[in-house]
Amino acid sequence: MKKKITILGVPMDLGQSRRGVNMGPSAIRYAGVVERLEKLGYVVTDQGDIEIGAAERIHDPETNMKNLKAVAEANALLGEKVDGIVEKGEFPLIFGGDHSIAIGTLAGVSKHYNNLGVIWYDAHGDLNIADTSPSGNIHGMPLAASLGHGHRTLTEIGGYAPKVKHENIVIIGARDLDEGEKELIKDKNIKVFTMHEIDKLGMTKVIEESINYLKDKTDGVHLSLDLDALDPSDCPGVGTPVLGGISYRESHLAMEMLAESGIITSAEFVEVNPILDERNRTATVAVALMGSLFGEKLL
């Protein structure tokens, strides 16, 4: 891990329908993230939040997407900011906001790598395009867009596409996939560890296999962690909770193993929604997981 971490908040709630996730970056900061990382010996710079305008909420029946222009503009700005962080040799740590922000994060990160790997820690695949999306919410499309699938307004953010190759992705924790996503996963042979595999193999084996799958063919790995990957009993403050998720302790183990591997070169934590939360529990979990990801140990 690079010893300099730069934090950037993205208070975006335009990629989905439930309001409140725009307060996620503030909730994570309130939970003490800077102090926790500094205690581990990192030099932390908090660049604050990028500005997300109060855009009119639009569902365009022609594209079957909500708030396309506003989401694209915010991600373009995010991509430029993240590009600058990586250019300076610092570790970009991005706080969401809804998961549509991953389009911009990956646009800024991927241009610095020949073969970027991605660990998508999420209850959902986020592999929809407009034609397969039941809702038109762009937070269900960022991984597809980063692979070059979908509307050009999203796929070509940053001026290039794709940002990542199908064979360089590992999805962990999936348990709510739409039919179009299942077809894409099978067609492109995308590596997915559903909750079935996690239950069957155990998290240790899942992370070992993920690391081995990515380490030799990638020159950097981005972690995109949606708090709804965890069970709602541990993370109630998310917009799209799905029962039967990854446990708190399993998630710590995953982060600890990723820390030991040294493969993670950028990260984002998304979908913290304080309005739906209980006494900031979900943001507190996010910060605890960041602690483990950056090398915090029990002993």
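Structure first, text after, so check above.
In this text the structure is predicted, and so the values were computed from the model without any measurement.

> Even after reading the chapter, I still don't get the packing of aromatic side chains, so can you show me in this structure?
In this structure the tally under the stated criterion is two aromatic pairs. Pairing Y42 with F294 gives two aromatic rings, centres 5.4 Å apart and planes at 80 degrees, and the pair type is edge-to-face. Here Y42 is found in the loop between α2 (33-39) and β2 (43-49), whereas its partner F294 is found in the segment after α11 (281-293), with 252 residues between them in sequence. For the pair formed by Y42 and F294, the shared burial category is buried. Consider the rings of F91 and F294, whose centres lie 5.0 Å apart with planes at 75 degrees: the pair is edge-to-face. In this pair, F91 is assigned in strand β5 (residues 91-96) and F294 in the segment after α11, connecting sequence segments 203 residues apart. The two residues F91 and F294 agree in class, both being buried. Linked through ring pairs, Y42, F91 and F294 together constitute an aromatic cluster. The ring centre of Y160 lies 4.8 Å from the NZ or CZ of K163, which sits over that ring.

> Teacher, can you tell me more about the environment of L143 here?
In this structure, L143 sits in helix α5 (residues 142-146). Between the C-alpha atom of L143 and that of D126, which follows or precedes it by 17 residues, the distance is 5.5 Å. Not counting the four nearest positions on each side in its chain, L143 is found in contact with W120, G125, D126, L127, I169 and I171.

> Hey, could you run me through the sheet that holds strand β10 (residues 264-270) in this one?
Each strand in a sheet pairs with another by means of backbone hydrogen bonds, the pair being arranged parallel or else antiparallel. Taken in spatial order, the eight strands line up as β2-β1-β5-β10-β9-β6-β7-β8 in an open sheet, and their pairing is parallel. Edge positions in the open sheet fall to β2 and β8 (191-194), since each of these has one partner strand only. For this sheet, the mean inter-axis angle between neighbouring strands, taken without regard to orientation, is 15 degrees. One ladder, built from six bridges, connects strand β6 (residues 116-121) with strand β9 (residues 220-226); its direction is parallel. From the neighbouring strand, W120 faces β9, where its bridge partner is S224. Its contacts with the sheet put helix α9 (residues 203-215) on β6, β7 (169-174), β8 and β9, and the angle it makes with β7 is roughly 165 degrees.

Conventions and cut-offs
Residues numbered from 1 in each chain as written. Predicted model: local features only at pLDDT ≥ 70, side-chain atom pairs only at ≥ 80, totals over all residues. Heavy atoms only, no water. Phe/Tyr/Trp six-rings, centres within 6.5 Å; stacked < 30°, edge-to-face > 60°. Helix = DSSP H or I, 4+ residues; strand = E, 2+ residues; numbered from the N terminus. Buried < 20%, exposed > 50% of the residue type's maximum accessible area, 1.4 Å probe, protein only. Lys NZ or Arg CZ within 6 Å of the ring centre and 35° of its normal. Contact = heavy atoms within 4.5 Å. Pairing = 2+ DSSP bridges. Axes fitted to C-alpha atoms, helices over the stretch in contact; angles between N-to-C directions.

Nothing here speaks to function; it is all geometry.
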